[in-house]
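Spelled out, the chains give:
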Amino acid sequence: MITRMSSLFLRTLREDPADAEVPSHRLLVRAGYVRRAAPGGYSWLPLGLRVLRNIERVVREEMDAIGAQEIQFPALLPKEPYEATGRWSEYGDTLFRIKDRKGADYLLGPTHEELFTLTVKGEYSSYKDYPVMLYQVQTKYRDEARPRAGVLRGREFVMKDSYSFDLDDEGLEVSYQKHRAAYIKMFDRLGLDYVIVAATSGAMGGSASEEFLATAESGEDTYVRSTDSGYAANVEAVVTPAPPARSLEGLPEAQVHHTPDTPTIETLVDFLNGAGLGREFTAADTLKNVLVKTRIPGTKEWTLLGIGVPGDREVDMKRLEAALEPAEVALVEESDFTANPFLVKGYIGPGALQANGIRFLVDPRIVTGTAWVTGADKADHHVVDLVCGRDFTPDGTVEAADVREGDASPDGRGTLVAARGIEIGHIFQLGRKYADAFELDALGPDSKPVRITMGSYGIGVSRLVAAIAEQHHDELGMVWPRAVSPADVHLVVAGKDESVFEGGERIAAELSDRGVSVLFDDRTVSPGVKFADAELVGVPTIVVVGKGLAKGVVEVKDRATGERTEIDADAIVDHVAGLVRE
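About the thresholds
Residues numbered from 1 in each chain as written. Predicted model: local features only at pLDDT ≥ 70, side-chain atom pairs only at ≥ 80, totals over all residues. Heavy atoms only, no water. Helix = DSSP H or I, 4+ residues; strand = E, 2+ residues; numbered from the N terminus. Buried < 20%, exposed > 50% of the residue type's maximum accessible area, 1.4 Å probe, protein only. Contact = heavy atoms within 4.5 Å. Areas by Shrake-Rupley, 256 points an atom, 1.4 Å probe, with all protein chains shown as cover. Lys, Arg positive; Asp, Glu negative; His and termini not counted. Charge placed at Lys NZ, Arg CZ, Asp CG, Glu CD. Pairing = 2+ DSSP bridges. Axes fitted to C-alpha atoms, helices over the stretch in contact; angles between N-to-C directions. Core = buried A, V, L, I, M, F, W, Y, C linked by side-chain atoms within 4.5 Å. Parallel < 35°, antiparallel > 145°, perpendicular 65-115°, else oblique. Left-handed = near helix turned anticlockwise from the far one by under 90°. Nonpolar A, V, L, I, M, F, W, Y, C, P; charged D, E, K, R; others polar.

A. Structural context of the overall build of the protein chain. Along the backbone of the protein chain there are 15 helices and 32 strands. If one aligns the C-alpha atoms of the protein chain with their principal axes, the spans along those axes are about 95 × 70 × 50 Å. Evaluated residue by residue, the protein chain yields a buried proportion of 51% over its 582 residues. For the protein chain, long-range pairs separated by at least 24 residues make up 69% of all intrachain contacts whose partners lie at least 6 apart in sequence. Accessible surface, the protein chain as shown: approximately 25800 Å² in total, 50% of it carbon and sulfur. Computed over 65 positive and 92 negative side-chain charges, the separation of the two mean positions in the protein chain equals 4 Å.

B. Broad picture of the sheet that holds strand S14 (residues 255–258). The strand order S14-S20-S19 describes an open sheet built from three strands, whose pairing is antiparallel. Only two strands of the sheet have a single partner each, and these edge strands are S14 and strand S19 (371–375). For this sheet, the mean angle separating the axes of adjacent strands, direction not counted, is 25°. Relative to strand S20 (residues 381–387), S19 runs antiparallel, the two sharing four bridges. Note that in S20 the partner of Trp372 across the bridge is Leu386.

C. Representation of the nonpolar core within the structure. If you look at the biggest cluster of nonpolar residues, it comprises 59 residues, and the most contacted ones within it are Tyr33, Ile55, Phe187, Leu190, Leu192, Ile424 and Trp480. If we skip the residues at most four places from it in the chain, Leu192 touches Phe187, Ala214, Ile424, Leu464, Ala467, Ile468 and Gln471.

D. Local environment of the sheet that holds strand S5 (residues 76–78). Strand order in this open sheet of three strands is S5-S7-S6, and the pairing throughout is antiparallel. Each edge of the sheet is formed by a strand with only one pairing partner; in this case those strands are S5 and strand S6 (96–99). Across the sheet, the axes of successive neighbouring strands diverge by a mean angle of 40°, strand direction being ignored.

E. Local environment of the packing of helix H13 (residues 498–513) against helix H15 (residues 572–581). Where H13 contacts H15, the two axes come as close as 10 Å, and the packing angle between them is 45°. Put simply, H13 runs oblique to H15. In this structure, H13 crosses over H15, and the sense of that crossing is right-handed. Residues Ile507, Glu510 and Leu511 of H13 touch H15, and the partners they reach there are Ile572, Val573, Val576 and Ala577. A class-by-class count of the residues in the contact of H13 with H15 yields six nonpolar, no polar and one charged.

F. View of the environment of Val479. On the secondary structure map, Val479 appears in the loop between strand S27 (477–478) and strand S28 (489–493). With a relative accessible area of 11%, Val479 lands in the buried category. As for Val479 and Ala84, which are separated by 395 residues in sequence, their C-alpha atoms are 47 Å apart. Apart from the residues within four sequence positions on either side, Val479 is in contact with His472, His473, Asp474, Gly538, Arg559 and Ala560.

Shape is all these values report; function is a separate question.
Okay, structure coming up:
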């Protein structure tokens, strides 16, 4: 196939778009792959659509290879199935909700667990029908509050979502591992540098959960890995190792101290160390109590919640939100303090919280027998040696404290180091959450119903375009891996001589006959413009037909390495075809 740039619907840009935050956004727009249509919505132009379709092809091939079957659901979905699972309200403002002319409620699908489950229920009834794996590649919709970074985080995006249906947990594990292996093959074929990390399931529900993250400084996800083992996890999924409980015997009594002008941990520690209390205090000896409020999506009433973490830690709102999902979480406001006068800003302690029925969750490191300095629920006062399990009893634990480099790895081997990545895939063992909601059963060999267990496996297909772009670019433009490139070869004719143009035409035709896709720059513009566009567009092999043709040679440039090689014109087709087949 030959694509002539003289007629290609393409306009490259020399300047970066004003709203571009990350390299992929900047270069995909400049190279004419995408154009912004609305906040969080992008149009795919011809070259961009080719890259997207090439990624879809790889995804489909690997899904088909494990026996999954492709189907297609509508994006416009009825409200009722999502009400049955509670996700009509759990998704909150993220869901695009619409009404038809008769006033019936619909949504634009963010994910399709409900539809997959109902479809299998409608078609299958016997244990002999299982297992089955189904998938689709389809546009999804989520009303992101802050769409950003081009196609990395949009309101409309293309996703591959697949679902496995098994008779038992052993079968689910097999399906899960098949998908995991397929994802590894996909991302390897796409030329991505990625990590597999433990993750949370979020609004999807389920138990076992892993994310595939493309490593990138521009990524929104922070993950950690151990220096001495294979442990890796998204920070939201890190489980804090809890120390053993301590004996309560012989511990000093709690004492309230006047601590004027100490509303922060730093000022408190400075005061304590100058108060002659006979020991040195650090921020880790203090208990920081942070007030938030939560509510169930779809309701109006907020409920106060106390979060206790060691004073040398901050509350990580993303970790807290993941731990409390699907509840919405917000920091308390001044009006909340006014409405609850027992809350003394800067001096909140466990006592007032529990005396007033406020749920109090603490970091796993706050165990029975540990003594803390914390607020005494009175302005300018703190209590020293307040002991967990003796003077206060938390209502439970919560993973809310920030995770830091140098923390002990949860598997007990080494310490944690942090990096950033882009979520490109997520796999879940859903279990029976959706099967229970819709009573998805199969009649077993003993004629008794067997509740089906499910897995859910997603890939951000359109996001993969940006993730690959983040990893495969330089200061001049894109550097596409061959598997996803919009063409195999970018053929540039550089020269005004008719024989040069004719030579380019001949080479393009012969390459096309050999099954090589050619992006042929046959425009009547300067060589400098052509070379700049070739670098920007990023096809992996650039062939330049120029003045060297008179000497019987053609230049081949490797876009990734910049290496240039002169090849005999008579051998150029075989040479390039060989590169494409490598």
